[in-house]
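Reading the structure
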Amino acid sequence: MFKRAAVILGLLAAVLASSAFAQSAQEIVAATDKVRNAAQPFRSALTLTEYVAGQERAHSGFVLFSKEDGGGHFRNLLQYVEPPRDAGKRVLLDGRSFWFFDPASQASVRISAQQRLTGQAAIGDVLTVNLAADYSAAIAGIETIDDAGRQKRTCWHLELKAATDTAVYNRVEYWVEQGTFRPVKGKFYSDSGRLLKIIYFRNFTERLGAVRPAEAVIIDAVDSSLATIATFGDSRFQDVPDAWFQRDFLPRLQIR
Amino acid sequence: MRLGAWILLALAAPAWAGEDDDLGLLPQSSPTAVPRSAPTAATSRLFVENAATFSSVRGGLLVPAPPPFTPRWEERLLADARIEWPVATNAHMTYSGRLNLMVQDGLGFPNRGNVTNDLRELYASVEPRDRTYVDAGRINLKSGVALGFNPTDFFKARAVIDPLTSDPSALREDRLGSAMVRAQRVGEASSIMVAYAPKVTDPAAIASDPDRGFNPLWGRTNGTERWLVKASAQLGDGVNPEVLAFHENGRWKFGANIAESVGQKSVVYLEWSGGKRLGIADEAFAFGRATGTIPSGAPIPITQGGDERFRNQVAVGASYTNESKVTFNLEYHYNGAGFSRSDWGRWFSAGEGEPNSSPVARELWYVRAYASDRQEPIQRHTVFLRADWVDAFVPKLDLTGFVLADARDGSTLWQAEANYAKTDLWSFGVLAGGTTGGRRSNFGSLPRGGSVVVKATRYF
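Now for a quick tour of the structure. Worth saying up front: this structure is predicted, and the values here are computed from it rather than measured.

Analysis parameters
Numbers given for residues are sequential positions, taken from 1 along each chain in its written order. To label them, take the chains in the order written and letter them from A, then take the ligands in the order written and number them from 1. pLDDT decides what is reported in this predicted model: residues at 70 or higher carry local features, side-chain atom pairs at 80 or more are listed and counted, and totals for whole chains, interfaces and linings draw on all residues regardless. Side-chain numbers come from the whole structure's heavy atoms, not from hydrogens or water. Secondary structure elements follow DSSP: runs of H or I no shorter than four residues count as helices, runs of E no shorter than two count as strands, and numbering proceeds from the N terminus. Exposure is judged per residue with a 1.4 Å probe applied to protein chains only, and the accessible area is read against the type maximum: over 50% gives exposed, under 20% gives buried, and values in between give partly exposed. Note on definitions: a residue-residue contact is assigned when non-hydrogen atoms from the two residues lie within 4.5 Å. At least two bridges found by DSSP between two strands is the condition for calling them paired. A pair of Phe, Tyr and Trp rings is counted when the ring centres sit within 6.5 Å of each other, with Trp represented by its six-membered ring. The angle between the planes then sorts it: under 30 degrees is stacked, over 60 is edge-to-face, the rest tilted. Take the accessible area each of two parts loses on contact, using a 1.4 Å probe, and add the two losses: that sum is the buried area. Take a side-chain nitrogen of Lys or Arg and a carboxyl oxygen of Asp or Glu: if they are within 4 Å of each other, that pair is a salt bridge. The term polar contact refers here to a pair of N or O atoms within 3.5 Å; inside protein, the definition further demands a hydrogen-donor-capable atom paired with an acceptor-capable atom, and it admits residues adjacent in sequence only when both atoms are side-chain atoms. Residues were grouped as follows: Ala, Val, Leu, Ile, Met, Phe, Trp, Tyr, Cys and Pro as nonpolar; Asp, Glu, Lys and Arg as charged; and all remaining residues, including Gly, as polar. To obtain the arc, one takes the directions from the helix axis to the C-beta atoms.

A few words on the environment of Arg182 of chain A. Residue and element names in this part refer to chain A. Locating Arg182 in the fold gives a position in the loop between strand S9 (171–177) and strand S10 (183–189). Among the residues examined, Arg182 registers a relative accessible area of 27% and is labelled partly exposed. A sequence separation of 147 residues divides Arg182 from Val35, and the C-alpha atoms of the two residues are 6.3 Å apart. If sequence neighbours within four positions are ignored, Arg182 has contacts with Thr32, Val35, Trp175, Val176, Glu177, Phe204 and Val211.

Set out below in structure tokens:
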């Protein structure tokens, strides 16, 4: 009796496993990218709540304009709404072209990919990145892990290696729920192999025509007392002309 | 592959304990803030700042500086506002200004100098067609990509007043715009802009304007008629050069700038301008005579040859950001109108031993005041190094420092600043700066030795 059941279970597992690997790692990453990001141009409000040792410490608010280019990368334009000291500052994050504009000085300064990460606006860029465009993926395993709400999720554990020079991180570990392709968790590493950030995706709700994560919890792995909760809200499709993604447009951006 | 899948499935069985340990790092409370879609009315930045400055004065100068003397202390309370508000679907207004309440060593109280107002910008913008803009009013028009010196920033001259910092990259925030009409077309991957700034009044003399009160200082910003045409193009992969042509006092100047990423961590940039002009000392004396500061018959203590010829200005540099959030900028600045080694020799020889009340000392220091007023290095060769550390040691503590060195004599102007954003609304900062160098050096011959500024800022 037990022997028969074991054989049936084994066969079932074999079928499941073969179907799991029928999709390539790259296809899984592309599919989970589509869960996070809409293919059409959109705008969204983004709030970042920073925590130190579990206590709310600071807030930043942005309006994010985002659009996919032909190559699968997202072009982002952000304007700070909060905190008051930063209100009106703008950041253009477009492939290899990064510009920071401060209305107080009317100056546009070109920044490097690394310098972009020193500002909170980069979180908007990191959250909308299409990983399939910048990373080559491999399946490291199938694992059942807890999501941010401590619910068990059976996930593909993906190992991503930077494949382009626009990739922000050298290596990413990524857990994607089987069946739904929802991103559950990511771990992001530096060139030297140091774990920099851990991100949990949560609060999946209807947004921009599909069920997408409305929140990401970003843990600073270097100083684990620091965490940021990124919350998307008021997302809507909006035409974002290509002309917006150049330094001379930055002073002209008007949010209405 | 199938065997591998079997093994992986077996491993997948229960929870992945090591991974689930990360859940302990999640904040337990939910954010109290909710996303705001956009400012519905005005975009504004308002703050009140209190800044106390203490300065030391260098004695034994080779060329004694005439009055006004460097104040040893200053206490300033300022209210600063920048507001953009829509007035129609395709039009908005912009106001930027600062109200200062100031008491200062030697200024006296009460007098007009205790309350001053800087009207930096006030202009209307209209977008009659998609991405075609017309602006009119007082506008701060900025150009350039370098941090320490911007040869293509043609409207910087005479615009900075009463700065609280010596950091060249921060001076742009505290400067007056010019009255102008500006039209711009932003294309799919290009932009062209034309600006016309009329002469509103005669050029004002160079002075510290301590009793300017609410005077908008048009004589500083609109003492001549100026035109600027600039165009930029997106040439692919982020390459976005800009070319400029500037016309003032019957002379053209031309310029170009470009900035490009190199790898993940660096940006390199180059900025150039050139045009026919006098050396800076000859230009200063001509301006001094024209504005009545220097009597027309007064002898001129030094000259750079008095020849008007094509002179270049260049800023070339690179930035590098490391994984600890420190950004370094290293730049070289060249000013073809600036002082050469022999010009410095003449400057010191002419003024050495003169009393500070002598016309010679006054005129020699006038040249330096003129260069400073025009935001132009008086020296010919400069090396500029700046470091900016975001979240240094603790979150929200930013440390910034720079050294600006005269490449001829090694003398320096330096500054170090710490700013801590205690909350979303309160910031505290301390800034120390000074000069180093021998008595016969550029920065070592300045009367201000060092200064410390302590400030607190409340945002609204």
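So, next bit.
This paragraph deals with the pairing of strand S15 (residues 397–406) of chain B. Residues and elements named next belong to chain B. With eight bridges connecting them, strand S14 (residues 381–389) and S15 associate as antiparallel partners. Within S15, the residue paired with Phe384 across the bridge is Leu404. Linking S15 to strand S16 (residues 412–421), which pair antiparallel, is a turn of five residues; within it Gly410 sits at a positive phi near 75°.

The next point concerns the packing of aromatic side chains. All names here are of chain B. Scanning all chains against the criterion turns up 21 aromatic pairs over all chains. Here Phe155 and Phe246 contribute two aromatic rings whose centre-to-centre distance is 5.7 Å and whose plane-to-plane angle is 80°, an arrangement assigned as edge-to-face. Here the residue Phe155 occupies a position in the loop between strand S5 (132–139) and helix H3 (168–171), and Phe246 occupies one in strand S9 (residues 242–248), the gap between them amounting to 91 residues. Residue class for Phe155 comes out buried when judged on its relative accessible area of 3%. On the numbers, 5.3 Å between centres and 85° between planes, the contact of Trp347 with Trp365 is edge-to-face. One end of the pair, Trp347, is in helix H6 (residues 341–351); the other, Trp365, is in helix H7 (residues 359–373), with 18 residues separating them in the sequence. The residues Trp347 and Trp365 share a single accessibility class, namely buried.

A few words on the interface of chain A and chain B. One frequent convention defines the size of an interface as the accessible area lost when the parts assemble. On the side of chain B, 93 residues touch chain A, which itself brings 95 residues to the contact. Between chain A and chain B lies a buried interface of about 7,900 Å² when both sides are counted; carbon and sulfur atoms form 51% of it. One can count seven salt bridges joining chain A with chain B. For Asp135 of chain B, the salt bridge is made with Arg252 of chain A, and the minimal N-O distance between the two is 2.7 Å. Along the contact surface separating chain A from chain B lie 26 residue pairs in polar contact (both at pLDDT 80 or more). A class-by-class count of the residues in the side of chain A that touches chain B yields 43 nonpolar, 26 polar and 26 charged.

Let us look at H6 of chain B. Residue and element names in this part refer to chain B. Residues of H6 that are buried: Asp343, Trp344, Trp347, Phe348 and Gly351. In an axial view of H6, the angular spread of the buried residues amounts to 130°, which keeps them on one side of the axis. Set apart from the buried face of H6 by more than 90 degrees, the exposed residues are Arg341 and Ser349. Residues of H6 that are buried in the fold lie against H7 and S15. Of the residues flanking the end of H6, it is Gly353, one or two places downstream, whose phi is positive at about 85°.

This paragraph deals with the side chain of Asp118 of chain B. Residue and element names in this part refer to chain B. For Asp118, the position within the fold is in strand S4 (residues 115–129). Within the structure, Asp118 has its side chain in polar contact with the side chain of Asn100 (distance 3.2 Å). A distance of 2.7 Å separates the side chain of Asp118 from the side chain of Arg212, its partner in a polar contact. The contact partners of Asp118, leaving out residues within four places of it in the chain, are Ser96, Gly97, Arg98, Asn100, Ile161, Leu176 and Arg212.

These values are about where atoms sit, not about what they do.
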